[in-house]
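# Survey of secondary and tertiary structure
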Amino acid sequence: QQQVKQSPQSLIVQKGGISIINCAYENTAFDYFPWYQQFPGKGPALLIAIRPDVSEKKEGRFTISFNKSAKQFSLHIMDSQPGDSATYFCAASAGSNYKLTFGKGTLLTVNP
Amino acid sequence: KAGVTQTPRYLIKTRGQQVTLSCSPISGHRSVSWYQQTPGQGLQFLFEYFSETQRNKGNFPGRFSGRQFSNSRSEMNVSTLELGDSALYLCASGDYYGYTFGSGTRLTVV
């Protein structure tokens, strides 16, 4: 049972455009929602994270939007750059449980 | 601040052998988790240790085991390797603010 569903599987965006990746979850106990960025040959790197007490969090060009009632959250990358080309994973965990449940990932390609 | 260190980076083992992977977490982090990453299944949780105790375990067979030492360093062991165990094994250490992953150990079983 996939508890975190991520879409799209792949995304191609032009330089300067907005990249949007969506995730939906089923477990209402989840209360921590991070996004990770992974480059080939590297481990995932924490990009930005949100807890359900806020509906949006912005850090630089990266924004998480969170909709608790719909059990959905999304990552927006503004002014996308070729250096943003990577695989992005959403994830979720519950309480003090340090177990992350990951989405399947989105391969983002930003064309120059 | 040093990151999460995993050794070795690459391993090639023969089916039926066993393997031990090592992880040194970020200083001060008491929680260490292990994940398996494959193209087909994505990132899957193996287990998590906190202060030398296993707190959580994923849905993997008993051939996969781990432990954590008093200095928070962790090891995972896979016995009787199968071809399907070929994967990138990632260690993450964390606290309330998030989890930091190492670069992983690429295990190839032939």
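Let us look at the structure shown here.

Thresholds, definitions, all that
- Residues numbered from 1 in each chain as written.
- Chains lettered and ligands numbered in written order.
- Predicted model: local features only at pLDDT ≥ 70, side-chain atom pairs only at ≥ 80, totals over all residues.
- Heavy atoms only, no water.
- Helix = DSSP H or I, 4+ residues; strand = E, 2+ residues; numbered from the N terminus.
- Rg over C-alpha atoms; globule rule 2.2 N^0.38 Å.
- Buried < 20%, exposed > 50% of the residue type's maximum accessible area, 1.4 Å probe, protein only.
- Contact = heavy atoms within 4.5 Å.
- Lys, Arg positive; Asp, Glu negative; His and termini not counted.
- Charge placed at Lys NZ, Arg CZ, Asp CG, Glu CD.
- Pairing = 2+ DSSP bridges.
- Axes fitted to C-alpha atoms, helices over the stretch in contact; angles between N-to-C directions.
- Phe/Tyr/Trp six-rings, centres within 6.5 Å; stacked < 30°, edge-to-face > 60°.
- Salt bridge = Lys/Arg side-chain N within 4 Å of Asp/Glu carboxyl O.
- Polar contact = N/O pair within 3.5 Å; in protein donor to acceptor, adjacent residues only side chain to side chain.
- Nonpolar A, V, L, I, M, F, W, Y, C, P; charged D, E, K, R; others polar.
- Disulfide = S-S within 2.5 Å.

### Some points on the overall build of chain B
Secondary structure summary: chain B contains zero helices and 11 strands in total. Order of helices (α) and strands (β) in chain B, N terminus to C terminus: β-β-β-β-β-β-β-β-β-β-β. Against the compact-globule benchmark of 13 Å for 110 residues, chain B has a radius of gyration of 13 Å, which places it among compact chains. Counting only C-alpha atoms and orienting by the principal axes, one finds that chain B spans roughly 35 × 25 × 25 Å. Relative to its 110 residues, chain B shows a buried fraction of 50%. Taking the contacts inside chain B whose residues are at least 6 apart along the sequence as the reference set, 51% of them involve residues at least 24 apart. Averaging the locations of the 11 positively and 6 negatively charged side chains of chain B gives two centres separated by 4 Å.

### A word on the sheet that holds strand β8 (residues 72–77) of chain A
Residue and element names in this part refer to chain A. Here five strands make up an open sheet; going across it, the order is β1-β3-β8-β7-β6 and the pairing antiparallel. One side of each edge strand has no neighbouring strand; the edge strands of this open sheet are β1 (4–7) and β6 (56–59). Going from strand to strand, the sheet's axes swing by 15 degrees on average, the running direction of each strand aside. With six bridges joining them, strand β3 (residues 19–25) and β8 adopt antiparallel strand pairing. Paired with Ala24 across the two strands is Gln72, which belongs to β8.

### A short note on the packing of aromatic side chains
Residue and element names in this part refer to chain A. Scanning the entire structure with this criterion turns up 17 aromatic pairs over all chains. With centroids separated by 5.7 Å and ring planes inclined at 70 degrees, the aromatic side chains of Trp35 and Phe73 adopt a geometry described as edge-to-face. Placement of the pair is Trp35 in strand β4 (residues 33–38) and Phe73 in strand β8, with a sequence separation of 38 residues. Phe73 gets classed as buried once you look at its relative accessible area, which sits at 1%. Taken together, the ring pairs in this structure connect Tyr25, Phe30, Phe33, Trp35, Phe66 and Phe73 into an aromatic cluster.

### A few points about the sheet that holds strand β8 (residues 74–78) of chain B
Residues and elements named next belong to chain B. Taken together, four strands build an open sheet; the order of strands is β1-β3-β8-β7 and the sheet is antiparallel. If you trace the sheet from one side to the other, it starts and ends with β1 (5–7) and β7 (64–68), each paired once. On average, adjacent strands in this sheet sit at an angle of 20 degrees to one another, irrespective of strand direction. Here five bridges tie β7 to β8, and the two strands are oriented antiparallel to one another. In the sheet register, Arg67 faces β8, and the bridge partner there is Glu75.

### Notes on the interface of chain A and chain B
Contacts between chain A and chain B engage 18 residues on the former and 23 residues on the latter. Joining chain A to chain B, the criterion identifies zero salt bridges. Remark: the boundary between chain A and chain B carries five residue pairs in polar contact (both at pLDDT 80 or more). For the side of chain A that touches chain B, a count of residues per class yields eight nonpolar, six polar and four charged.

### Remarks on the state of the cysteines
Chemically, a disulfide is nothing more than a covalent bond linking the sulfur atoms of two cysteines. Taken as a whole and assessed by the stated rule, the structure comprises two disulfides over all chains. For Cys23 of chain A, the disulfide goes to Cys90 of chain A, at an S-S distance of 1.9 Å. With the S-S dihedral at roughly -95 degrees, the linkage between Cys23 of chain A and Cys90 of chain A falls on the left-handed side. One end of the pair, Cys23 of chain A, is in strand β3; the other, Cys90 of chain A, is in strand β9 (residues 86–92), and 67 residues separate them in sequence. The same class applies to Cys23 of chain A and to Cys90 of chain A, which are both buried. Disulfide pairing places Cys23 of chain B opposite Cys91 of chain B at an S-S distance of 1.8 Å. With the S-S bond torsion at -60 degrees, the cross-link from Cys23 of chain B to Cys91 of chain B turns out left-handed. Of this pair, Cys23 of chain B sits in strand β3 (residues 19–24) while Cys91 of chain B sits in strand β9 (residues 87–95), and the two are 68 residues apart along the sequence. Comparing Cys23 of chain B with Cys91 of chain B shows no difference in burial state: the two are buried.

### Looking at unusual backbone geometry
Omega for the peptide link from Ser7 of chain A to Pro8 of chain A comes to -5 degrees, which places this bond in the cis form. Within the element layout of this structure, Pro8 of chain A appears in the loop between β1 and β2 (10–14). In this structure, the amide linkage connecting Thr7 of chain B to the following residue, Pro8 of chain B, adopts the cis form with an omega of -10 degrees. Residue placement: Pro8 of chain B occurs in the loop between β1 and β2 (10–13). One non-glycine residue, Ser51 of chain B, adopts positive backbone phi at about 50 degrees. A positive phi angle, close to 45 degrees, is found at Thr80 of chain B, a residue other than glycine. Mapped onto the elements of the fold, Thr80 of chain B is located in the loop between β8 and β9.

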